[in-house]
Amino acid sequence: MNTKTSKTLITTHHIRWTIGGTIVQLQINNEPLLKRLEKKIRANIDSNLSYKTNVYAGMTHWDLFKQDNDFKNLLQEYMTLCGEAGIYSTHYDKVANKYHFLVQNAWGTLMKKNDWVKSHHHLGTDFASVLYFDSHAPLNTDAGNFPTRRGLIITIPSYCFHSVAKITKDITRCSLAWNWTFTKSWDAKDSREEDITNL
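Our subject in this report is the structure included herewith. Residue numbers restart at each chain and count upward from 1, following the sequence in its written direction. For a predicted model such as this one, the threshold for reporting local features is a pLDDT of at least 70, and the threshold for listing and counting side-chain atom pairs is 80 or more; totals across whole chains, interfaces and linings nevertheless cover every residue. Hydrogens and water are ignored here; the side-chain numbers use all heavy atoms of the structure.

**Section: the sheet that holds strand 11 (residues 144-146)**
And then number 1: Strands sit in the order 4-8-13-10-11 across an open sheet of 5 strands; the sheet is antiparallel. Strands with a single pairing partner mark the edges of an open sheet, and in this sheet they are strand 4 (55-56) and strand 11.
And then number 2: Following DSSP output, two strands are said to pair if at least two bridges run between them. Numbering goes from the N terminus for both helices and strands, where a helix is a DSSP run of H or I of at least four residues and a strand is a run of E of at least two. With 3 bridges connecting them, strand 10 (residues 139-141) and strand 11 associate as antiparallel partners. Within the sheet, the bridge partner assigned to N140 lies in strand 11 and is N145.

Laid out in structure tokens, this is it:
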């Protein structure tokens, strides 16, 4: 531990610590839905964002999918599976029979040979989820590396650093990511909030 003290007795400590959390993996087997979402990603790559963020690859606009009906159907399937598995049970509104949450962003990426994703986090939201359309490259995180496959959704806590190594093969890796947060009982109602019923 390195310690620096100023004349005003303010001390700064540079410390490393370990933090835990839950990483959720769920499989979506709705192939028609997967095909529609993948097609939208491939058709909407935004040159204003591609290769200009921590994602050194093709990207759609950050908010491309926020109001997309197919994406809303994906959220419905995801949260229904979570409910069936007892995941996020403490966030379930048993009175209204719903999950209440807010999607901050939802975008697609296309990675090709020599593309990569710099290690980063998504602080400012509770969770970051990614839907994969192939098994071309794993998701690397502080908690370990996770193989991907078509229809797999991996959800990590927003504070978990993650990355994708440089693509070395002549392939195209497609994914859809979104940042989201469960709304709290003390939050004011937000018109953008998603209300998902556990069917």
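**Here we look at the pattern of salt bridges**
And then number 1: Salt bridges are counted wherever a side-chain nitrogen of Lys or Arg sits within 4 Å of a carboxyl oxygen of Asp or Glu. All told, the structure shown has 6 salt bridges when counted by the stated rule.
And then number 2: Across the pair E38 and R150 runs a salt bridge whose closest N-O atoms are separated by 3.0 Å. Taken as a pair, E38 in helix 1 (residues 31-43) and R150 in the loop between strand 11 and strand 12 (152-157) lie far apart in primary sequence, 112 residues in all.
And then number 3: Each residue is assigned to one of three classes by its accessible area relative to the maximum for its type, calculated with a 1.4 Å probe on protein chains only: buried under 20%, partly exposed between the two thresholds, exposed over 50%. Assessed through its relative accessible area of 14%, E38 is described here as buried.
And then number 4: Among the residues examined, R150 registers a relative accessible area of 26% and is labelled partly exposed.
And then number 5: Note that D68 and K40 form a salt bridge whose closest N and O atoms lie 2.8 Å from each other. Of the two residues, D68 sits in the loop between strand 5 (58-59) and helix 2 (69-85) while K40 sits in helix 1, which places them 28 residues apart along the sequence.
And then number 6: If you follow the salt bridges from partner to partner, you end up with E31, E38, R42 and R150 in one network.

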